[in-house]
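What follows is each chain in one-letter form.
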Amino acid sequence: MSSPSPAQAPAAPSVEWRVESAPVDYPRALAEMEGRAAAIFEGQAAERVWLLEHPPLYTAGTSADPAELLDPRFPVHDAGRGGRYTYHGPGQRISYLNIDLRNRGKDVRNFVHHLEGWMIDALADFGIAARRAEGRIGIWTDDAQGREAKIGALGIRVRRWITLHGFSINVDPDLSHFGGIVPCGLAEYPVTSMAALGVKASMTELDSALARHFPAFLGRLRRCPAADGAGVEQCGTGR
């Protein structure tokens, strides 16, 4: 049994901040996340950031190509989120976000853009220069061999303007476990982790960095008109 540790992220009293102390089975997490989203929509629950780990498994997004499941050595779950195949397992911080965008701009592009920025800002606290990559989903950095490598993944679904799923950051997972899939459909790029980059950080330390930067992330969630007034674009694209 896991022992959740609810807490409030600084300056965000309306959002529950929950941390699990033991791995959570994926079907349970999915059901609870979807139930929470429904309760938020009905005004019966607060928004939530849920930080956890999973036992080793693969998830298939709505764009998953069966040819990219190379070795199903772990259970494979349909995720219902966007994206392709992703690995989750011990040593990887998962953040599931149930955020209500009805009063935060109803702008999915803005949400994803600043979600990436939140991850980048947290990793910067450990001296990791993470970044976005044009045309590729996820968070990237240079690995120990100087190759561009993925250190964080994200996959989002929005239902009735409540967000589901979220992101993962590789703290110290077994990187060989990614070999059972083509991670996010990008065979030409390796996967790395904080530990592989020489950063010996604990989950608690990463959680603290995420909490420090969470209020700024939340404050950027709004609807932003394009400069020419033609549509809605990302706010603050430099972040």
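This one's a predicted model, so the numbers in the text were calculated from it and none came from an experiment.

With that out of the way, let us pick up the nonpolar core. Counting 36 residues, the largest nonpolar core has Trp17, Phe111, Leu115, Trp118, Phe167, Met194 and Leu210 as its most contacted members. Looking at this core, the elements with two or more residues in it are β2 (15–19), β3 (47–52), α2 (108–124), β10 (148–159), β11 (162–170) and α3 (203–219). Ranked by the residues each element gives to this core, the list is headed by α3, at eight residues. In terms of nonpolar packing, the next biggest core, distinct from the first, is built from 15 residues, Met33, Tyr96, Ile162 and Leu164 among them.

Attention now goes to the pairing of strand β9 (residues 136–142). The element β9 is extensively covered by neighbouring structure, given that five of its seven residues are classed as buried. For strand β8 (residues 131–133) and β9, the ladder comprises two bridges, and the chain directions are antiparallel. The residue bridging Ala133 from the neighbouring strand is Arg136, located in β9. What sits between β8 and β9 in their antiparallel hairpin is a turn of two residues, with Gly135 showing a positive phi close to 80 degrees. Alignment of β9 against β10, held across four bridges, turns out to be antiparallel. Considered in β10, the bridge of Ile139 is made with Gly152.

Let us look at helix α1 (residues 26–41). For α1, which comprises 16 residues, the first-to-last C-alpha distance of 23 Å matches the rise-based estimate of 22 Å (1.5 Å per residue) to within 8%. For α1, every residue scored as buried is listed here: Tyr26, Ala29, Leu30, Met33, Arg36, Ala37, Ala39 and Ile40. Its buried side turned inward, α1 meets β2, β3, β4 (57–60), β5 (76–78), β7 (92–98) and β11. Downstream of α1 by one or two residues, Gly43 has phi in the positive range, about 75 degrees.

Calculation rules
- Sequence order sets the numbering: in each chain, residues are counted from 1 along the sequence as written.
- Totals for whole chains, interfaces and linings use every residue, but because this is a predicted model, local features are given only for residues with pLDDT of at least 70 and side-chain atom pairs only at 80 or more, for both listing and counting.
- Derived side-chain values reflect all non-hydrogen atoms in the structure, with water molecules and hydrogen atoms excluded from consideration.
- We call a set of buried residues a nonpolar core when its members are Ala, Val, Leu, Ile, Met, Phe, Trp, Tyr or Cys and they connect through side-chain atoms within 4.5 Å of each other.
- Only protein chains enter the area calculation, which uses a 1.4 Å probe; residues under 20% of their type maximum are buried, those over 50% are exposed, and those in between are partly exposed.
- A run of H or I in DSSP counts as a helix once it spans at least four residues, and a run of E counts as a strand once it spans at least two, with each numbered from the N terminus.
- When DSSP finds two or more bridges between two strands, those strands count as paired.
- A helix is expected to span 1.5 Å for every residue after the first.
- Every residue pair with non-hydrogen atoms within 4.5 Å of one another is taken to be in contact.

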